[in-house]
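# Overview (structure and organization)
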Amino acid sequence: AVAFKRLSWIANLGGMFGGSMVFHLLPDLAVAIGIMARDHGKLLASWRVVIIATYLVMHRFRFWHYRLRTSLASQILAALGLVVISQAESAGSLLLGLTLLGQLVGYNYFSGLFYSTAGSSHESRSLAAGIHESTLAIGMAVGTVAGGALGSIYNVRVPYLLAAVILMLMAAIQVVAWYRWVKVGKR
């Protein structure tokens, strides 16, 4: 549980790096595509529905407990979603990308809280939850700054591609960390 707690913190950095693009940069992309404001709001509402549905599925089922493969699959789907968002030309393609990214935002938040509490003693659960939240905030802050800078320098699509790369980099770091913390520890 301790190893998965730490892995979830790494995953939070990459996941919220991409999630911050939706919060802060998506309006520029929506305007560039020609999506009306009312439809942009519906897209964001649909994104939140996916996030909440992910919480409900994770609460109900245990298939994801202590399984790095599940976390990595979620991250790969989100990276694909970020690429879809970067190439989107319609509300439908943007919705597909947001759906793929939204499941990761829900997965990371829910699993991160689960592992932070399961991997900590009763006395240190507050600290673990605080670190969980801070990794989300750091990912969001860095993603927003880096994405905003790239969007201003290049175009509104480049930040999503960067986020996909960062997400896959964080996934690779998790694989290395998992091998060191879990696999080597079992020998």
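This text follows the structure it describes.
Overview of the structure. In this text, all values refer to a predicted model and were calculated from it rather than measured experimentally.

Our next topic: the packing of aromatic side chains. Across all of its chains, the model carries 12 aromatic pairs by this definition. Both rings, one in phenylalanine 23 and one in tryptophan 47, keep their centres 5.3 Å apart while their planes meet at 75 degrees; by these two values the pair is edge-to-face. Of this pair, phenylalanine 23 sits in helix 1 (residues 2-24) while tryptophan 47 sits in helix 3 (residues 37-60); the two residues are 24 residues apart in sequence, bridging distant segments of the chain. On the accessibility criterion, phenylalanine 23 (36% relative accessible area) is partly exposed. Relative to tyrosine 115, the ring of tryptophan 64 lies with its centre 5.9 Å away and its plane at 75 degrees, an arrangement referred to as edge-to-face. Of the two residues, tryptophan 64 sits in the loop between helix 3 and helix 4 (68-87) while tyrosine 115 sits in helix 5 (residues 91-118), which places them 51 residues apart along the sequence. Here tryptophan 64 falls in the buried class, since its relative accessible area comes to 0%. Of the aromatic side chains, those joined through ring pairs into one cluster are Phe4, Tyr55, Trp64, Tyr66, Tyr107, Tyr109, Phe110, Phe114 and Tyr115. Cation over ring: arginine 6 sits above tryptophan 181, and NZ or CZ is 5.8 Å from the ring centre.

Taken together, the side chains of Val57, Phe61 and Phe63 make up a nonpolar region of the molecular surface, amounting to roughly 280 Å² of accessible area. When you line up the elements, phenylalanine 61 lands in the loop between helix 3 and helix 4. Under the relative-accessibility criterion, phenylalanine 61 is labelled partly exposed at 42%.

We now examine the environment of tyrosine 66. Mapped onto the secondary structure, tyrosine 66 falls in the loop between helix 3 and helix 4. Excluding anything up to four places from it in sequence, tyrosine 66 contacts Ala1, Phe4, Phe114, Tyr115 and Ala118.

Our next topic: the side chain of glutamine 174. On the secondary structure map, glutamine 174 appears in helix 7 (residues 158-186). The class for glutamine 174 is buried, based on a relative accessible area of 1%. Excluding its chain neighbours within four sequence positions, the residues that come into contact with glutamine 174 are Leu7, Ile10, Ala11, Leu68, Ser71 and Gln75.

Here we take up the pattern of salt bridges. Applying the stated criterion across every chain yields a total of 2 salt bridges. The shortest N-O distance in the salt bridge between lysine 42 and aspartate 39 comes to 3.9 Å. You can see lysine 42 and its partner aspartate 39 sitting in helix 3, 3 residues apart, about one turn around the helix. Judged by its relative accessible area of 52%, lysine 42 falls in the exposed class. Between glutamate 89 and arginine 157 there is a salt bridge, with the nearest N and O atoms lying 3.2 Å from each other. A residue pair is termed long-range when its members are at least 10 positions apart, and glutamate 89 in the loop between helix 4 and helix 5 and arginine 157 in the loop between helix 6 (125-153) and helix 7 qualify at 68 residues.

Here is what the cut-offs are and how they apply
- Residues numbered from 1 in each chain as written.
- Predicted model: local features only at pLDDT ≥ 70, side-chain atom pairs only at ≥ 80, totals over all residues.
- Heavy atoms only, no water.
- Phe/Tyr/Trp six-rings, centres within 6.5 Å; stacked < 30°, edge-to-face > 60°.
- Helix = DSSP H or I, 4+ residues; strand = E, 2+ residues; numbered from the N terminus.
- Buried < 20%, exposed > 50% of the residue type's maximum accessible area, 1.4 Å probe, protein only.
- Lys NZ or Arg CZ within 6 Å of the ring centre and 35° of its normal.
- Patch = residues over 30% accessible without salt bridge, like charges linked within 9 Å, V, L, I, M, F, W, Y side chains within 5 Å.
- Areas by Shrake-Rupley, 256 points an atom, 1.4 Å probe, with all protein chains shown as cover.
- Salt bridge = Lys/Arg side-chain N within 4 Å of Asp/Glu carboxyl O.
- Contact = heavy atoms within 4.5 Å.

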